[in-house]
Amino acid sequence: MDGAAFARMIVSASAAIEQKKQKINELNVFPVPDGDTGTNMSMTLAAAAQDLKKRSPESLTKAADMTASALLRGARGNSGVILSLLFRGFSKSLKGKLEANGKDFAEALSAGVEAAYKAVMKPAEGTILTVSRLTGDAARDLAADDANLESVLMGSIETAKVALENTVNQNPVLKKAGVVDAGGMGFVVILEGMLASLQGNDVALQENAGETKEQADFTDFATEDITFAYDTVYIVRKKDETVNLEPLRVYLDSIGDSLVIGEDDEAFKVHVHTNIPWEALAESQKYGTLELAKIENMRMQHDDLAAGRKARSTDDLEAIEQELESAPAPQPEKRYGIVAVCAGEGLASVFTDLGADRIIEGGQTMNPSTEDI
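For every chain, the first residue of its written sequence is number 1, and the numbers climb from 1 along that sequence. Local features are withheld for residues below a pLDDT of 70 in this predicted model, meaning they are given only at 70 or higher, and side-chain atom pairs are given and counted only at 80 or more; totals for whole chains, interfaces and linings count all residues. Neither water nor hydrogens contribute to the side-chain values; these are computed over all heavy atoms in the structure.

Caption draft 1: The sheet that holds strand β4 (residues 288–297), seen in detail. With antiparallel pairing, the four strands of this open sheet are ordered in space as β2-β3-β1-β4. In the strand order of this sheet, the two ends are held by β2 (256–263) and β4, each with one partner. Adjacent strand axes in the sheet meet at a mean angle of 15°, parallel and antiparallel pairs treated alike. Criterion used throughout: strands pair if DSSP finds at least two bridges between them. The helix count covers DSSP runs of H or I at least four residues long, the strand count covers runs of E at least two residues long, and both are numbered beginning at the N terminus. In this structure, strand β1 (residues 230–238) lies alongside β4, joined through nine bridges in antiparallel fashion. Across the sheet, the residue bridging to D231 is E296, located in β4. Sitting on the sheet, helix α10 (residues 246–254) is in contact with β1, β2 and β3 (267–274), with an inclination near 155° to β2. Axis angles are defined between N-to-C directions and span 0 to 180 degrees, where every axis is a line fitted to C-alpha atoms and, for a helix, only to the segment in contact. Working rule for contacts: check all heavy atoms of both residues, and any pair within 4.5 Å makes them a contact.

Caption draft 2: A look at the packing of aromatic side chains. Any two of the Phe, Tyr and Trp rings considered here, Trp counted by its six-membered ring, make a pair once their centres fall within 6.5 Å; the pair's planes then place it as stacked at under 30 degrees, edge-to-face at over 60, or tilted in between. Enumeration over the complete set of coordinates arrives at three aromatic pairs. These aromatic residues form a ring-pair network of at least three members: F6, F87, F90 and F105.

Caption draft 3: Looking closely at unusual backbone geometry. Phi at S56 takes a positive value of approximately 40°, unusual for a residue other than glycine. With respect to the helices and strands, the residue S56 is situated in the loop between α2 (37–55) and α3 (60–74). Categorising residues by exposure relies on relative accessible area from a 1.4 Å probe, with only protein chains included: less than 20% of the type maximum marks a residue as buried, more than 50% marks it as exposed, and the intermediate range marks it as partly exposed. Overall, the relative accessible area of 51% leaves S56 in the exposed class. At S258, a residue that is not glycine, the phi angle is positive and equals roughly 50°. With respect to the element layout, S258 can be found in strand β2. Owing to a relative accessible area of 19%, S258 belongs among the buried residues under this scheme.

Here it is as structure tokens:
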């Protein structure tokens, strides 16, 4: 695998997870049942794929570095930040290499797993961390017998699938829902996309990809079970390369959970669930300059999913702003309001012209309910 091959593998993996993102979303009940893991992982990997397609890196080192940098800045959600850390291991491990075989791949994956575990404050079993760790262990064992990259990757994927199936038994939240871990499935899909490219069968983006599938029942989980309401993700440009983030890590862990901090020499990215996101941002600015931030209410997202609606997201901000701008100006409150019950559009129009505030469809033999009124 040289730089061009690595770039193609990332682009293929990005397309693969884009095709399966909805399937992954519908498994997402841990750490919070907000149904966005597939979208987060897809958008994270897409940031790297876009960079690689635009700039065509000339070496393996450059391709790995570009991927790690783009993933860090494009990382979305808990799973996205962990994914960026896994590929940060590739950047460090492949530095200076012109080509990589199965042994190099195994070492790079293991380095990424180590970085991810260090960055997550309280690693939980039965997650993408577990699946990637067991996959990395298997890759090293496979490479010791045969350093062929394709063989190592194929064997690693088999181990990853077994590890994924077992996540339902390792995590009580997954066991309650009866599903495997969403992030773990995303990791498997990414490896499969990379292998497809290596074998000359690059995955291409497709419109309306996906299939009917089993999914978690989000009504199994109560909104009140979400301890920390706000999914908070932001990037801070460091004051200097020597900034020690350990005090920040301790502070953020004291005000929330699901904490992951990824960093490179220039910036760091934080993912944390908290009830006071403004305080997390304020504390983090002691270490540098805030560049970007995304804050979403996970309780509202869960309520949307439980009701069968699309979960609200910052991705929808533009549409929401347009809707608010086009909405009619609120009318002054009146002392009395008039509700008319009538049958047919003609009568409804008459009552509206006469000043009725609300019209309810009804009449003889079709009386409206008190709930309608």
